[in-house]
Amino acid sequence: MDKGKKRLFILLGMASLLVYGAVFGAIWFVMTSASPAVRHIAVTALAAGFVMLMIAMAAGLGSLVLGLLFGSGALWTQKLGRGVVELFYPMVLRVGQFIGISKEEIEDSYIKINNQMTVAAGNRFRPEDVLVLAPHCLQNTGCPHKITIDVHNCHRCGKCSIDGLLTIAEDTGVNFVVASGGTFARKFAKEYSPKAIVAIACERDLTSGIKDMNVQQIPVVGVLNERPNGPCHNTSVQLCKVRQAISYFTEA
Ligand code: SF4
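Residues numbered from 1 in each chain as written. Predicted model: local features only at pLDDT ≥ 70, side-chain atom pairs only at ≥ 80, totals over all residues. Heavy atoms only, no water.

### Considerations on the overall build of the chain
Our working definition: Helix and strand assignments come from DSSP, with helices taken as H or I runs of at least 4 residues and strands as E runs of at least 2, each series counted from the N terminus. Only the C-alpha atoms count toward the radius of gyration. The rule for a globule is 2.2 Å times the residue count to the power 0.38. To sort residues, take the accessible area from a 1.4 Å probe on protein chains only and compare it with the maximum for the residue type: under 20% means buried, over 50% means exposed, and anything in between is partly exposed. In what follows, a contact means two residues having at least one pair of non-hydrogen atoms within 4.5 Å. In short, Shrake-Rupley with a 1.4 Å probe defines the accessible areas, and a residue's cover is counted only from the protein chains shown.
Each helix and strand counted, the chain has 8 helices and 4 strands in total. Listed by position from the N terminus, the elements making up the chain come as α-α-α-α-β-α-β-α-β-α-β-α. Over its C-alpha trace the chain gives a radius of gyration of 23 Å, far above what one expects of a compact globule, namely 18 Å for 252 residues. Dimensions of the chain, computed from C-alpha atoms along their principal axes, come out at roughly 80 × 50 × 35 Å. Within the chain, buried positions represent 33% of all 252 residues. Restricting to contacts in the chain with at least 6 residues of sequence separation, those with at least 24 account for 66%. Counting every atom, the chain has about 15600 Å² of accessible surface; 66% of that belongs to carbon and sulfur.

The structure is reproduced here in structure tokens:
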């Protein structure tokens, strides 16, 4: 199974290399061997393709900026905006890191843009269709209760944010689970089939989770956890931010 997957990746890599080689070879051939008339047509076609690509990207960025400034806009502009964010993300990450901006800052910005687009879309759901997904590192490390199996195993001692999150879930009627990693988060997302998710995590996990859910077209509002004791250890979350995130999905 693993071997097959590796082989597939290597084959796809070789195929990509062949495609790049063929495109480069064709351009090289046209530029060096073809008649001036064919060269002229090729250069014009290349320039036109490049201009069209730039126009499409500029239109997408424009619709994203307008959406962020003035609200949701039409469904197609929302989709275009999201598409542009996903398309630009790898490039933005590289450019940002090249000029000395940390990956965490860029991820933070991505999460904020995602949240604003999700809120601007204005979709409302029944509370039971909303899932609050929290990371295991919120639980106090001295706590013996297995809350990842069932969050109601929490004894509500108030030593960590889980107690407060349970209160919020009871007050609002949303589902609430604690996942011990990305795989379990995806498992819960499958099990509960939520129509919207409020995800609590660090920048890295929120970014990858939002991307995953974008593919499945499940809107996510991300709430960053706080890490006064360092990453993945006795973290906490501002409960008012979680309540607010839930209200985006459930209150008219
Ligand atoms: S609030 Fe719940 S999860 Fe947190 S330490 Fe107390 S019993 Fe454990």
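### Here's the deal with the site of the ligand
Test applied: Each residue is tested against the molecule or strand, and it is near if at least one of its non-hydrogen atoms lies within 4 Å. Side-chain classes follow a simple rule in which Ala, Val, Leu, Ile, Met, Phe, Trp, Tyr, Cys and Pro form the nonpolar group, Asp, Glu, Lys and Arg form the charged group, and the remainder, Gly included, forms the polar group.
In the neighbourhood of the ligand, 13 residues make up the surrounding shell, with C143, C154, H155, C157 and C160 lying closest. Residue composition of the shell around the ligand, grouped by class: 5 nonpolar, 5 polar and 3 charged.

### Here we look at the sheet that holds strand 3 (residues 196–201)
Convention followed: Strand pairing is assigned whenever DSSP detects at least two bridges linking the two strands. Every axis corresponds to a line fitted to the C-alpha atoms, with the helix fit spanning only the stretch in contact, and the corresponding angles, defined between N-to-C directions, vary from 0 to 180 degrees.
If you trace the 4 strands from one edge of the open sheet to the other, you get 2-1-3-4, paired in parallel fashion. Unpaired on one side and paired on the other, strand 2 (175–179) and strand 4 (220–224) mark the two borders of the sheet. The average undirected angle you get between the axes of adjacent strands in this sheet is 20°. Packing of helix 6 (residues 182–192) onto the sheet brings it into contact with strand 1 (130–135), strand 2 and strand 3, and relative to strand 2 it is tilted by some 155°.

### Things to note about helix 4 (residues 103–121)
Defined as follows: Residue count minus one, scaled by 1.5 Å, sets the expected span of a helix.
Its 19 residues give helix 4 an end-to-end C-alpha distance of 27 Å, which sits within 8% of 27 Å, the value for a rise of 1.5 Å per residue. Immediately beyond the C-terminal end of helix 4, within one or two residues, lies G122, with a positive phi of roughly 70°.

### Comments concerning the packing of aromatic side chains
Filter applied, for reference: Aromatic pairs are defined between Phe, Tyr and Trp rings, using the six-membered ring for Trp, whenever the two ring centres lie within 6.5 Å; interplanar angles under 30 degrees are classed as stacked, those over 60 as edge-to-face, and all others as tilted.
Inspection of every chain in the model, using the stated rule, returns 4 aromatic pairs. Ring centres of F24 and W28 lie 6.2 Å apart, and the angle between their planes is 20°; on these two criteria the pair is classed as stacked. On the criterion of helical spacing, the pair formed by F24 and W28 is a turn pair, its members being 4 residues apart in helix 1 (residues 2–32). Judged by its relative accessible area of 54%, W28 falls in the exposed class.

### What to know about the environment of N234
Spelled out, the test is: Between N or O atoms, a polar contact is any pair within 3.5 Å; within protein, one atom must be a potential hydrogen donor and the other a potential acceptor, and residues adjacent in sequence are included only when both atoms are from side chains.
Mapped onto the secondary structure, N234 falls in the loop between strand 4 and helix 8 (239–250). Residue classification places N234 among the partly exposed positions, given a relative accessible area of 22%. Sequence-wise, N234 and F249 are 15 residues apart; in three dimensions their C-alpha atoms are separated by 28 Å. The residues contacting N234, other than those within four sequence positions of it, are C137, Q139, N140, T141 and N229. At 2.8 Å, the side chain of N234 and the backbone nitrogen of T141 are in polar contact.

### What to know about the nonpolar core
For clarity, the threshold we go by: The definition of a nonpolar core used throughout is a set of buried Ala, Val, Leu, Ile, Met, Phe, Trp, Tyr and Cys residues joined through side-chain atoms within 4.5 Å.
Within the largest apolar cluster, 27 residues are counted, with the highest numbers of intra-cluster contacts made by V132, I162, L165, F176, V198, I200 and V242. Put simply, the parts of the chain that give this core at least two residues each are strand 1, helix 5 (161–172), strand 2, strand 3, strand 4 and helix 8. A total of 5 residues in this core trace back to one element, the largest contributor, which is helix 5. Sequence-distant contacts of L165, defined by excluding residues within four places in its chain, comprise A134, L138, F176, I200, V237, L239 and V242. Membership of the second largest hydrophobic core comes to 23 residues, among which are L64, V85, L133 and V177.

### Examining the packing of helix 4 against helix 7 (residues 203–215)
Here is the rule we go by: For classification purposes, an angle smaller than 35 degrees is called roughly parallel, one larger than 145 roughly antiparallel, one from 65 to 115 roughly perpendicular, and anything else oblique. By convention the crossing between two helices is left-handed if the near helix lies anticlockwise of the far one by an angle smaller than a right angle, and right-handed if it lies clockwise.
Following both chains from N to C, one finds helix 4 and helix 7 inclined at 40°, their axes separated by 9 Å at the closest point. What the angle tells us is that helix 4 and helix 7 run oblique. Helix 7 is crossed by helix 4, and the crossing has left-handed handedness. For the pair helix 4 and helix 7, the contacting residues are E104, E107, D108, Y110, I111 and N114 in the first and E203, R204, L206, T207, I210, K211 and N214 in the second. Class assignment of the residues belonging to the contact of helix 4 with helix 7 gives a composition of 4 nonpolar, 3 polar and 6 charged.

### What about the pattern of salt bridges?
Put simply, the rule is: Basic side-chain nitrogens of Lys or Arg form a salt bridge, by our definition, when they fall within 4 Å of a carboxyl oxygen of Asp or Glu.
Overall, the coordinates contain 13 salt bridges when judged by the stated rule. The salt bridge involving E107 is made with K103; its shortest N-O contact spans 3.9 Å. Linking E107 with K103, this pair stays in helix 4, spanning 4 residues, or about one helical turn. On the basis of relative accessible area, E107 is assigned to the buried category, the value being 6%. Since its relative accessible area comes to 39%, K103 is described here as partly exposed. Note that K195 is salt-bridged to D129, the shortest N-O span being 3.6 Å. Remark: D129 occurs in the loop between helix 4 and strand 1 and K195 occurs in the loop between helix 6 and strand 3; sequence separation between them is 66 residues. Look at K195 and you get partly exposed, because its relative accessible area is 45%. Judged by its relative accessible area of 12%, D129 is buried. Through salt bridges with shared partners, one network takes in R126, E128, D129 and K195.

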